[in-house]
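The lines below spell out each chain.
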Amino acid sequence: MATKIFVDAGHGGPDPGAVANGVIEQYVNLNVANELARLLRMGGYEVMQYRTTPTENVLSDKNADLRNRAMMANNWGADYFISIHTNSSLNPSANGFEAYVYRLGTRAAELAQSIVDTFVEQLGSKDNGVRQANFAVLRRTRMPATLLELGYLTNPTEALNLNSPAWQKAAAKAIYDGIYRFVKP
């Protein structure tokens, strides 16, 4: 039986996420998530996505929407949960890739570290490591879950990358390779 991976494109619908330097987070997240899901399917994984369009499945109440994302993954019986995001900061020089998990020292943290290592190696991003956070999609999921921050929209250089279709494909490939290194289909 194939490994089941739930791919969550963060934000969407009425919640655009971060907006800076002419880039809107929800669209970057969606493009990378769709490409990641395509690669995972080609690689033999079973995949469910929360949304494949800007508004699909997105609830107008943000808390209900976050609960719904976790509930869908739990009900489907996902083996792993990957949430795709882009970061922002009041400091325009902030940059790099990082992953969040609910608890450090867990299988989720090991998966996140594999993705961080691969992403940094392939795309040359600054390594901001694996961090612990109490995010709803990490707290409410019953499987190893990680939330990835691909880079900072508020950093002019990273914003150019994040908005580039070629870079988005490379980012999805790096995430896929990090997953594959950790868990075979």
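Everything below is about the structure shown above.
Residues numbered from 1 in each chain as written. Predicted model: local features only at pLDDT ≥ 70, side-chain atom pairs only at ≥ 80, totals over all residues. Heavy atoms only, no water.

Engineer: Would you mind going over helix 6 (residues 165-182) with me for this structure?
Structural biologist: Note: α-helices contain 3.6 residues per turn, so residues at a spacing of three or four share the same orientation. Between its first and last C-alpha atoms helix 6 spans 26 Å; for 18 residues at 1.5 Å apiece the expected length is 26 Å, and the two agree. Residues of helix 6 that are buried: Trp167, Gln168, Ala171, Ala172, Ala174, Ile175, Tyr176, Asp177, Gly178, Ile179 and Phe182. Elements in contact with the buried residues of helix 6: strand 1 (4-9), helix 1 (25-42), strand 5 (80-87), helix 3 (107-123), strand 8 (145-152) and helix 5 (156-162). (Helix = DSSP H or I, 4+ residues; strand = E, 2+ residues; numbered from the N terminus. Expected span 1.5 Å × (residues − 1). Buried < 20%, exposed > 50% of the residue type's maximum accessible area, 1.4 Å probe, protein only. Contact = heavy atoms within 4.5 Å.)

Engineer: Looking at this structure, how should I read the side chain of Asn155?
Structural biologist: Take Asn155: it is sitting in the loop between strand 8 and helix 5. With near-sequence residues (within four places) excluded, Asn155 lies in contact with Asn21, Pro92, Ser93, Ala94 and Asn95.

Engineer: Would you take a moment to explain the pairing of strand 8 for this structure?
Structural biologist: One face of the sheet, then the other: side chains in a regular strand alternate in exactly this way. For strand 8, the tally of buried residues reaches 8 of 8 residues, placing the bulk of the element in the interior. Relative to strand 8, strand 5 runs parallel, the two sharing 6 bridges. Note that in strand 8 the partner of Asn87 across the bridge is Tyr152. (Pairing = 2+ DSSP bridges.)

Engineer: So what exactly am I meant to see when it comes to the pattern of salt bridges here?
Structural biologist: Applying the stated criterion to the full structure yields 8 salt bridges. Salt-bridge contacts for Glu35 lead to Arg38; the nearest nitrogen and oxygen are separated by 2.8 Å. Of this pair, Glu35 and Arg38 are both found in helix 1, 3 residues apart, which corresponds to roughly one turn of the helix. Residue Glu35 is classed as buried on the basis of its relative accessible area, which comes to 11%. Through salt bridges with shared partners, one network takes in Asp8, Asp65 and Arg69. (Salt bridge = Lys/Arg side-chain N within 4 Å of Asp/Glu carboxyl O.)

Engineer: How should the pairing of strand 4 (residues 46-49) be read in this particular structure?
Structural biologist: Along strand 4, the buried face is formed by Val47 and Gln49; none of Glu46 and Met48, which line the opposite face, is buried. In the sheet, strand 1 pairs with strand 4 via 4 bridges, with the strands oriented parallel. Looking at the pairing, Ile5 lines up with Val47 of strand 4.

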